[in-house]
Amino acid sequence: MLLAILVSNSAGNILLERFNGIPSEERLHWRTFMVKLGADNLKGARNEELFVASQKSVYIVYTVLGGVCIYIVGKDEYDELALTEVMFVITSSIKDACGKSPSERLFLEKYGKICLCLDEIVWQGILENTEKERIRRLIGLKPPNPTEI
């Protein structure tokens, strides 16, 4: 299961978070842990260079993409290799939504579109879509106009 997807700026401020199967009282611990992990290891990292960490039976893959840091936490079948695939899909979808590697400002401007992408990629902690064209097509769907019904 994908336990968490977290995006922060380089200063460690959380821009986006999605938790699945993590009790609310443990979320602060995970936020703090991931931001500290990034602060310790992502200074000077190349764009999209992947880092891996593990804590007990949980794996964390994290990277820098432009002006944001992305963290993905998984367990069971979502080991470091599976999380690498998830990270690739998420980073390419964010770059597509923003048109390039995002700065913090661009990420926040495209926040709604990025959230739609994440909704199509991960559903209740399970990787659902990995094809870029399918994700692009699904987020482009609009609800029907009530006057046309």
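Up top is the structure.
My aim in this report is to walk through the structure given alongside it, one point at a time. Just so it is clear, the model here is predicted, and its values are computed rather than measured.

With respect to the packing of aromatic side chains
Move 1: For the structure on display, the rule yields four aromatic pairs.
Move 2: Pairing Trp 30 with Phe 33 gives two aromatic rings, centres 6.1 Å apart and planes at 90 degrees, and the pair type is edge-to-face. Taken together, the residues span about one helical turn, with Trp 30 and Phe 33 both in helix α1 (residues 24–41) at a distance of three residues.
Move 3: Classification of Phe 33 as partly exposed rests on a relative accessible area of 25%.
Move 4: Here the aromatic rings of Phe 107 and Tyr 111 are separated by 6.5 Å at their centres, their planes lie at 75 degrees, and the arrangement is edge-to-face.
Move 5: For Tyr 111, a relative accessible area of 34% translates into the label partly exposed.

Notes on the pairing of strand β4 (residues 58–65)
Move 1: For β4, a buried count of seven out of eight residues is recorded, marking the element as mostly surrounded by other parts of the structure.
Move 2: With eight bridges connecting them, β4 and strand β5 (residues 68–75) associate as antiparallel partners. Within the sheet, the bridge partner assigned to Val 61 lies in β5 and is Ile 72.

What to know about the environment of Glu 77
Move 1: Tracing the chain through its elements places Glu 77 in the loop between β5 and α2 (80–98).
Move 2: Measuring from C-alpha to C-alpha, the distance between Glu 77 and Ile 5 comes to 16 Å, with 72 residues separating the pair along the chain.
Move 3: Discounting residues that sit within four places of it in the chain, Glu 77 has contacts with Met 1 and Ala 82.

Describing unusual backbone geometry
Move 1: Although it is not a glycine, Glu 48 adopts a positive phi angle of roughly 65 degrees.
Move 2: As for its placement among the helices and strands, Glu 48 is situated in the loop between α1 and β3 (51–55).
Move 3: For Glu 48, a relative accessible area of 31% gives the class partly exposed.
Move 4: Even without glycine at this site, Asp 76 takes up a positive phi of about 60 degrees.
Move 5: You can see Asp 76 is positioned in the loop between β5 and α2.

Quick word on the sheet that holds strand β2 (residues 14–19)
Move 1: One open sheet accounts for five strands, arranged β2-β1-β5-β4-β3; its pairing is antiparallel. The sheet terminates laterally at β2 and β3, the two strands that pair on one side only. The average undirected angle you get between the axes of adjacent strands in this sheet is 15 degrees.
Move 2: Taken together, the five bridges between strand β1 (residues 2–9) and β2 define a ladder with antiparallel strand orientation. Residue pairing for β2: Ser 8 is matched across the bridge by Ile 14.
Move 3: Packing of α2 onto the sheet brings it into contact with β1, β3, β4 and β5, and relative to β4 it is tilted by some 30 degrees.

What to know about the packing of α2 against helix α4 (residues 111–121)
Move 1: Between α2 and α4, whose axes approach to 9 Å, the crossing angle comes to 150 degrees. Here α2 is positioned roughly antiparallel relative to α4, judged by the angle of their axes. Both α2 and α4 take part in a crossing whose hand is right-handed. Each of Val 89, Ile 90, Ser 93, Ile 94, Ala 97 and Cys 98 in α2 lies in contact with α4, whose residues at this interface are Lys 113, Ile 114, Cys 117, Leu 118 and Ile 121.
Move 2: Residue composition of the contact of α2 with α4, by class: nine nonpolar, one polar and one charged.

Scoring rules and cut-offs
- Residues numbered from 1 in each chain as written.
- Predicted model: local features only at pLDDT ≥ 70, side-chain atom pairs only at ≥ 80, totals over all residues.
- Heavy atoms only, no water.
- Phe/Tyr/Trp six-rings, centres within 6.5 Å; stacked < 30°, edge-to-face > 60°.
- Helix = DSSP H or I, 4+ residues; strand = E, 2+ residues; numbered from the N terminus.
- Buried < 20%, exposed > 50% of the residue type's maximum accessible area, 1.4 Å probe, protein only.
- Pairing = 2+ DSSP bridges.
- Contact = heavy atoms within 4.5 Å.
- Axes fitted to C-alpha atoms, helices over the stretch in contact; angles between N-to-C directions.
- Parallel < 35°, antiparallel > 145°, perpendicular 65-115°, else oblique.
- Left-handed = near helix turned anticlockwise from the far one by under 90°.
- Nonpolar A, V, L, I, M, F, W, Y, C, P; charged D, E, K, R; others polar.

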